[in-house]
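Structural overview for review
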Amino acid sequence: MGLTRHHRVLFGLGVVLRLALIALALPWTHARWFVPFLANVPGHFADPWGGFMAVGGDRVAFPYGLPYLIAYAPLTDLGGAVAGLAGAHLGLGLTVLLLEVALLGQLGRIAGKDATRAQLLFWLSPVALYVGYWHGQLDILPVLLLVAALAALVQHRHSASGAWLGSAVAAKFSMGLAAPFIALFYLGRARQRRFALAAIGGAALAFALLWLPVLVLPGFRAMVLLTPETAKTFSLAVPIGPWLYVYVLPLAYLGLLYWAWRVRRLDFDLLWSFIGIAFMAVVLLTPASPGWALWALPFIALHTARSGTTGQLLFWAFTLAFVALHLTVSTGAAFAGIDLSSPLVAQDAERLPSALMTLMLAAGAALAVQMARRGILGSPFYRATRTPLAIAVAGDSGTGKDTLVDALAAMFGETSVTRLSGDDYHSWDRHKPMWRAMTHLNPMANDLEGFAAHAADLADAKPVRARHYDHGSGRTGELATLHPRELLAVSGLHALWSPSLNTRFDVRVYMDMDEGLRRFLKLRRDVNQRGHAPERVLESIERRAADGARFIAPQAAAADVIFRLEPRHPSAVADPAVAIDASMLRLVVTLAPGRNFDRAARLLASLSGIRVIESADDDGRLRLLVEGEPTAADIAAAARRIAPDMDWLLSAEPRWQPGLSGVMQLILLTEFDRARRRRGGMA
Ligand SMILES: Nc1ncnc2c1ncn2[C@@H]1O[C@H](COP(=O)(O)OP(=O)(O)O)[C@@H](O)[C@H]1O
Ligand SMILES: O=C(COP(=O)(O)O)[C@H](O)[C@H](O)COP(=O)(O)O
């Protein structure tokens, strides 16, 4: 999205503020710890940590691993070589700035249409300016590596994502707090599970390369492994008896992890929200080092960019209170030669810091709760894992129900769709004599009560135990478990039979088909795929005609959308031995009374090579006659345009179909998008 002049001014303001601070402010941490350590590296490449302590350096000066050296030493030492201490400070400050710019780029890959707002919130936040250039922490590096890992993940580059994550953890162990949530993201859904090994391999390799070479160094072990920072995790403890405490942060973190595990199926936005809330818990539940707030900043910036006024207020209240607090209690910087590096408030003057801490906690907690409500409970994917989007596809035998459900699975991903077929609820196997007395189309020949009960349970995200009818053998198999997923596709001869069940469906489809075409396609399928003799199929079609008119056709009245395939010329179905050419078919789409075609018609008319004629039938139902052969690429481009907010449900690699099947995919996509909005603006 192009930057407006206003945006460019704001980004420029952030750059000017940073350059001014780099030039005029000398953080105590840089002067006392980081620059002396980094300046000492060139003479002690064998063991920079041991070398620094050997020359009397402070043991807590640089509790960081190889990634920090690789990132921060070059410009700092180059600056030091060129212009002494001032040059070293300049080099270190510029490195922080460059790493922040890199993080903005990664955040942009994740934030999509909210990128500019999220980047500006990060770039102008008091936390980024204070932590990076006044208090002078170097946490921007591990945060950049973690956000790069998540950006690679959202782009399905799983080995790279693992490598970035391994590097982030090698840079700062605390980034490992994100790892269990990422593991749940991979393991919770079949379509992601297959990439878990690639991610683990990338992480293990990167971590090993960045840790093994230095783990053998005594100086590294002394300065990095034994850092006192970790102890802060246990600082907030609630006494529950003599020598017995509950550690609040671990408790909160484990609770969050359990919640993510209970959600079971995470999409990327849920993963992002869980990690952001976990980092906020660290900031709120420990006397956090100022740098730790930077871990949460990308997450709260993107959340705020997607929120309304309340979110904005909470963001600024939290970040300003956090900085005000640390201005009073943490070290600062010398500014233009004036020493302002001591905490502004004496340690025993606890009232002001405590008031600011309370304010920061209140705003931060409210922000974390809002992130949980909007980012998790309000997530369309989370809500669909609790109440799946449900579609019913009814129609006579051979009208294309299974073919349509296959097209749904192609666009949403097989692992996101639960298929419930009415064929699995026939009362008897194929060889039972009862079929001579009753056809499959008669509701009495099917356990429609069990079918409806299972459909309702799956719509409530409850698993069911059902048998499967095998059309190849004509027999019903063993009981198997059907698990709920984000989408429930209920198809069959009687899928729209139950008025009470029909209210559970978000989309109701009736498959109609020109009778000659249906006979043509059913004959070919039942002979080739179900092993029936042609004469038996034709006899069955004749015998079922009355029940079709009596029990199947009336279900069309309950449909939102009726798809009717017709041959464009009778010759198309003259010879069953000649395969149907898609160009010989046309699609008639009929919408429920009161519905209009605006979106669908606009969409279809935009497809190259498509001819659309709009009409109305006798009872005022709008009808679209569609002919043409759009390519799969045309369908994909139209899908992105017509329903941009359906990304959360679509497969990572949707398989759009060419021709009239693709047109039906698009129309169903618009129907699901409509259902999403009707459910209260999911997304
Ligand atoms: N849009 C279509 N274009 C061409 N052939 C189709 C189309 N839809 C269905 N068919 C074919 O018609 C036959 C019946 O379709 P199917 O989906 O099995 O119907 P149902 O599930 O309603 O019994 C199958 O051989 C299928 O390949
Ligand atoms: O009418 C149908 C429903 O299936 P569909 O709508 O898919 O045609 C089938 O004929 C019966 O399920 C029996 O199947 P079989 O032919 O295996 O006896």
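Naming follows an unreviewed UniProt entry, where the protein chain appears as phosphoribulokinase of Glacieibacterium arshaanense. What UniProt states about the protein chain under its Pathway (unreviewed entry) heading is, verbatim, "Carbohydrate biosynthesis; Calvin cycle."

So, the environment of arginine 525
Within the element layout of this structure, arginine 525 appears in helix α23 (residues 515-528). In the structure, arginine 525 is positioned 12 residues away from valine 537 in sequence and 9.9 Å away in space, judged by C-alpha atoms. Among all residues touching arginine 525, those that are not within four sequence positions of it are Ser397, Gly398 and Arg530. At 2.8 Å, the side chain of arginine 525 and the side chain of aspartate 526 are in polar contact.

Examining the sheet that holds strand β4 (residues 333-335)
Spatially, 3 strands are ordered β1-β4-β5 in an open sheet, and the strand pairing comes out antiparallel. Each edge of the open sheet is held by one strand with a lone partner, namely β1 (25-27) and β5 (338-340). Going across the sheet, the axis of each strand differs from the next one's by a mean of 25°, ignoring polarity. Sheet topology places β1 next to β4; 3 bridges connect them, and they run antiparallel. Following the sheet pairing, alanine 25 is matched in β4 by phenylalanine 335. The strands that helix α2 (residues 28-40) touches are β1 and β4; relative to β1, the one it contacts most, it runs at about 50°.

Things to note about the site of ligand 1
Looking at ligand 1, there are 13 residues lining it, with Gly398, Lys401, Asp402, Thr403 and Arg525 nearest. The backbone of glycine 400 places a nitrogen or oxygen atom 3.0 Å from an oxygen atom of ligand 1. Here an oxygen atom of ligand 1 and a side-chain polar atom of threonine 403 are 2.6 Å apart. Considered on its own, ligand 1 offers 560 Å² of accessible surface; in the complex 82% of this is hidden by protein. Broken down by secondary-structure element, the contributors of at least two residues to the shell around ligand 1 are α19 (401-412) and α23.

Some points on the pairing of strand β15 (residues 585-591)
Working note: regular strand, side chains alternate between the two faces of the sheet. For β15, a buried count of 6 out of 7 residues is recorded, marking the element as mostly surrounded by other parts of the structure. Pairing of strand β14 (residues 561-567) with β15, which is carried by 7 bridges, proceeds in the antiparallel orientation. Within β15, the position partnered with arginine 564 by the bridge is valine 588. Note that β15 and strand β17 (residues 622-628) share 4 bridges and pair antiparallel. Each bridged residue has a counterpart across the sheet, and for leucine 587 the counterpart in β17 is valine 626.

Examining the site of ligand 2
Within the structure, ligand 2 sits among 14 residues, and Ser397, His426, Arg430, His471 and Arg525 are positioned closest to it. In the environment of ligand 2, an oxygen atom lies 2.9 Å from a nitrogen or oxygen atom belonging to the side chain of lysine 401. Tyrosine 469 places a polar side-chain atom, nitrogen or oxygen, 3.0 Å from an oxygen atom of ligand 2. Protein chains shield 98% of the accessible area of ligand 2, which is 440 Å² for the free molecule. Here the residues of the shell around ligand 2 are counted per class, giving 2 nonpolar, 6 polar and 6 charged.

A word on the domain arrangement of the protein chain
Along its sequence, the protein chain is carved into domain 1 (5-378) and domain 2 (384-679). Between domain 1 and domain 2, the C-alpha centre-to-centre distance is 51 Å. With both sides pooled, the region where domain 1 packs onto domain 2 buries about 880 Å², and carbon together with sulfur makes up 37% of that total. Of all residues in domain 1, His156, Arg191 and Arg265 give up the largest surface area on contact with domain 2, accounting jointly for 54% of the area buried on that side. On the surface where domain 1 and domain 2 come into contact, there are 2 salt bridges. Across the salt bridge formed by glutamate 486 and arginine 265, the nearest N and O atoms sit 2.5 Å from each other. Our enumeration of links across domain 1 and domain 2 arrives at 3 residue pairs in polar contact (both at pLDDT 80 or more). Residue assignment for the side of domain 1 that touches domain 2 shows that the elements contributing at least two residues are α10 (190-193) and α13 (248-263).

Structural notes on the packing of aromatic side chains
Applying the stated rule across the entire model yields 32 aromatic pairs. Ring centres 5.8 Å apart and planes at 10° place the aromatic pair phenylalanine 181 and phenylalanine 274 in the stacked group. Within this pair, whereas phenylalanine 181 is found in helix α9 (residues 179-188), its partner phenylalanine 274 is found in helix α14 (residues 268-285), the two being separated by 93 residues in sequence. Using a relative accessible area of 0% as the deciding quantity, one classes phenylalanine 181 as buried. For phenylalanine 274, a relative accessible area of 0% gives the class buried.

Rules of the game
- Residues numbered from 1 in each chain as written.
- Chains lettered and ligands numbered in written order.
- Predicted model: local features only at pLDDT ≥ 70, side-chain atom pairs only at ≥ 80, totals over all residues.
- Heavy atoms only, no water.
- UniProt positions renumbered as here; feature names shortened; annotations may be inferred.
- Helix = DSSP H or I, 4+ residues; strand = E, 2+ residues; numbered from the N terminus.
- Contact = heavy atoms within 4.5 Å.
- Polar contact = N/O pair within 3.5 Å; in protein donor to acceptor, adjacent residues only side chain to side chain.
- Pairing = 2+ DSSP bridges.
- Axes fitted to C-alpha atoms, helices over the stretch in contact; angles between N-to-C directions.
- Near = heavy atom within 4 Å.
- Areas by Shrake-Rupley, 256 points an atom, 1.4 Å probe, with all protein chains shown as cover.
- Buried < 20%, exposed > 50% of the residue type's maximum accessible area, 1.4 Å probe, protein only.
- Nonpolar A, V, L, I, M, F, W, Y, C, P; charged D, E, K, R; others polar.
- Domains from an automatic or database assignment.
- Buried area = accessible area lost by both parts, 1.4 Å probe.
- Salt bridge = Lys/Arg side-chain N within 4 Å of Asp/Glu carboxyl O.
- Phe/Tyr/Trp six-rings, centres within 6.5 Å; stacked < 30°, edge-to-face > 60°.

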